[in-house]
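Here is how the chains run, residue by residue.
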Amino acid sequence: MRRAGYVAGVTDTRHEYDTLAGLYVPIGAAVVLLVALLVVAFAWRYRARPDDPDEQRRPSRIHRAPRTEALYVLVLACVAALLLWRTYTVEGRTDHAASGRGLGVLVTASKWHWRFDYPRLRIVQRGTDDAPPTLVVPARRTIDFTLRSLDVIHAFWIPDRRFKRDATPGFVSSFSLVFPRTGFWRYGGECSEYCGLRHTWMKFHVAVVSPAAFARWTRARQGGAA
Amino acid sequence: MTAVGAAGVRPRPRRGWLGTLASTDHKALGAGLFTTAFGFFLAAGVLALLMRFELARPRLQLMTLHGYDELFTLHGSTMFYLFATPVALASGVYLVPLQIGAARLRWARVALAGWWMVIAGGLIMWMGFLTAQGAADVGWYSYWPLSDMPNSPGIGTDYWIVGILLAASAAILIAACVLATIVTLRAPGMTMLRLPVFTWTMVVTCLMVLTAFPALVVAMGLLLAQRQLGGVFSGASGAFDYQHLFWFFGHPVVYVVFFPFVGAIAEAIAIFSGRRWFGYRPFVLSLLLFAALSMSVWGHHMFTTSAVENRYFSLTSTALLVPAGIEYFDALATMWRGRIRFATPLLFALGFLVLFVIGGTTGIFVGSPPLDYHVTDSYFIVAHFHYTLFGGSVMGLFAAVYLWWPKVTGTLLSERLGRWHFWLTMVGMNVTFFPLFFLGWEGMPRRVADYPRSSGWETLNAVSSAGSALLLISLLVFLLNVARSLRRRVPAGPDPWGGQTLEWATSSPPPPENFPAPLPPVRSFAPLQDLREAAS
Ligand code: HEM
Ligand SMILES: [Cu+2]
Ligand SMILES: [Cu+2]
């Protein structure tokens, strides 16, 4: 799906997430602090002082301020509009389907393990209930995932990529991710949709390797599998 | 003293436990339903403590994986279906007739049936624990196909469905009674725009129950049929259809269990500021806007499915900050230049304001799909909804309890124990739930009984579990306060706080007919405050 602001090639979902969160979190924190501050300040400032001589003070009887409130609503609407605008922009970048130009990986979720097929490389990484498989990907290259489930709903989550997608049986969803840094993430992938008994342990490892190391790994796996 | 008139359904005072169970007096009924719901709160709280105990350290210590699944399912379901919804409606059953100057609840026998159905539904749901395969283990929203027979064969799940069918139908019946009471039994002079603030929140609550809960009844009915007979849901469209049906109920329900307590804290803030609620009309408008929007945001629970129009649901969800902002404005403006007295109900009301805004802002956060992709179904969400449900509903509930306890029982609670209760809850709540935001952000999924040692999540989990122990203590302090109050019986008098609405114009507890003496004139939503202001 082509959208305004869409740049060919795939964006770093973590970077996009951090940018957007970098707008939401400070606004949210400011709102929370402001409310807490006003609550405490008003409670203190307007507290009743029964032993104070000029406690004859009468509480204010003003109980409407339509203009102020309308103005305030306008401010709220502007904040909502700002948040939505940024959300839509970022969603346009993180949400595009598989680019078709990257390395294809078919992810299959089933109770209670993962399987990764690299169709063009004829490699399969198969996990069991007790031994999670490793998703091996080359760094800085687009990975085009297609995701499916064989039984119940699972969800494919890589916290480091700040990204997850549901795996619904009978439905194939596709998305693309890039992994900028090399490294090994033990249990770096998880099932995040409750799927029954061993949901707790339905995980996989993530290994991001350099392109050269990926080529070596591919050859070794192909040799071993043939 | 026979109150049996031609109408037949006049409130009839009855004696004893059995009498209470058959009473059509809205006060007995409201108090009974409230107590039932609070009992379920304690039961679900015990389950929560067991979960936190298990999660305090990695590995399984206390239970099996399956046991944990039963716990979070029954905890969440009991909290929503048997505690929060009934307790919200019970507050309306008790207070609405008093606030609008009525002598009774409309169709009280229907509401009475609702109470019985909540009891029966709860017992049936919990009976699952006695079956061979245990209680339901499908999570409180029981996604199909996980909840289908081949995947979750335990009969506990069928009991659970029947329990929800009963509790959900009960909610619809009771909401109809409360709404009908408001529409038809208002005192002379009380126009719709003179309804007390709490009663207005009950109007929108009932509207949401009447529009949203039928979807739950349908979803559960179809799920039961699917499990027993098959042929209802199939393929991916079946999975998505179920989610749409469920969340069409599932989002509004969080407002159902929240609004009555917005009303309660509004009354508390007004009374203890010595001022009437600020901005009544914008507030009413914001409630209606809230209710309308609440019916159009359900798809935000499905952002990661790739099967809904994310931008639409993000728009409606983010728009919620406008009505919510109005409510905060009005709350703060009510305190502004007031004469504030720090009674326990006010403390809980202010605690509500501070905690709920955390739940609210994180709700806007997850209303943004790219942010939700990361944190949904993680502990971030668990933290978010406990800030709304515990920080909002439960804090508001305690504000309501401390505010109206003298009215309902005729006795006072201890302010000193009340302050202890408040501060322990405030600290315990934050210690329990704030760390969960970080756990979710770092990648801990929800509904897991164990986490890897390598994850580095041990400290935060231990802190959260310690916080839940504080919450237990705070609850014990509350129960002690209640027990003490009921034993000592310090008379409260009709109006211990300087109330503003009609329920404070009758004795505590109110007599069966509610208002033996003529009502004060109703010229605004705060008739007693009118009298007070005219006199000074
Ligand atoms: C008394 C303090 C409470 C504690 C310590 C607590 C703790 C927990 C824990 C540990 C979970 C399980 C998280 C997971 O494994 O995913 C949970 C889930 C949940 N809680 Fe609470 N909770 C409390 C109060 C409440 C209240 C007051 C409500 C509602 C009014 C509530 C509603 C829920 C719901 C709906 C779930 C989700 C259940 C599910 O995943 O199916 N909780 N809570
Ligand atoms: Cu899972
Ligand atoms: Cu929702």
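Structure shown above.
As a starting point, this report considers the structure included with it. Quick caveat: nothing in here was measured; it's all calculated off a predicted structure.

## Considerations on the pairing of strand β9 (residues 183–191) of chain A
- Pairing analysis gives two bridges linking strand β6 (residues 154–158) of chain A to β9 of chain A, with the strands arranged antiparallel. For W157 of chain A, the partnering residue across the bridge sits in β9 of chain A and is E190 of chain A.

## A word on the coordination of the copper ion (ligand 3)
All names here are of chain B.
- Here the copper ion (ligand 3) is held by H251 (ND1), H300 (NE2) and H301 (NE2), and the distances to it run 1.7 to 2.1 Å.
- Donor residues for the copper ion (ligand 3) sit on one chain with the sequence pattern H-x48-H-H.
- For H301, a relative accessible area of 29% corresponds to the partly exposed category.

## Let's talk about the pattern of salt bridges
- Counted by the stated rule, this structure contains 17 salt bridges over all chains.
- For D377 of chain B, the salt bridge identified is with R446 of chain B, shortest N-O distance 3.7 Å. Separated by 69 residues along the polypeptide, D377 of chain B in the loop between α14 (369–375) and α15 (379–409) and R446 of chain B in the loop between α16 (415–442) and α17 (458–488) bring together distant segments of the chain. Assigned by exposure class, D377 of chain B and R446 of chain B land together as buried.
- Several salt bridges share partner residues, and in doing so they unite D12, R14, D18, D160, R161 and R181 of chain A into one network.

## Describing the side chain of H75 of chain B
All names here are of chain B.
- Inspection of the secondary structure assignment puts H75 in helix α3 (residues 65–99).
- Residue H75 is classed as buried on the basis of its relative accessible area, which comes to 11%.
- A polar contact of 2.9 Å, which involves the side chain of H75, links it to the backbone oxygen of A44.

## A few points about the coordination of the iron atom of ligand 1
Residue and element names in this part refer to chain B.
- Around the iron atom of ligand 1, the protein contributes the donor atoms H75 (NE2) and H386 (NE2), at 2.0 Å from the metal centre.
- Here the iron atom of ligand 1 binds six donor atoms, and the angle range of 87 to 179° at the metal identifies the geometry as octahedral. Here the residue H75 occupies a position in helix α3, and H386 occupies one in helix α15, the gap between them amounting to 311 residues.

Basis of the calculations
Residues numbered from 1 in each chain as written. Chains lettered and ligands numbered in written order. Predicted model: local features only at pLDDT ≥ 70, side-chain atom pairs only at ≥ 80, totals over all residues. Heavy atoms only, no water. Pairing = 2+ DSSP bridges. Helix = DSSP H or I, 4+ residues; strand = E, 2+ residues; numbered from the N terminus. Donors = N, O, S within 2.8 Å, 3.2 Å for Na, K, Ca; no water. Buried < 20%, exposed > 50% of the residue type's maximum accessible area, 1.4 Å probe, protein only. Salt bridge = Lys/Arg side-chain N within 4 Å of Asp/Glu carboxyl O. Polar contact = N/O pair within 3.5 Å; in protein donor to acceptor, adjacent residues only side chain to side chain. Tetrahedral: all angles 85-135°; square planar, octahedral: opposite > 155°, others 65-115°.

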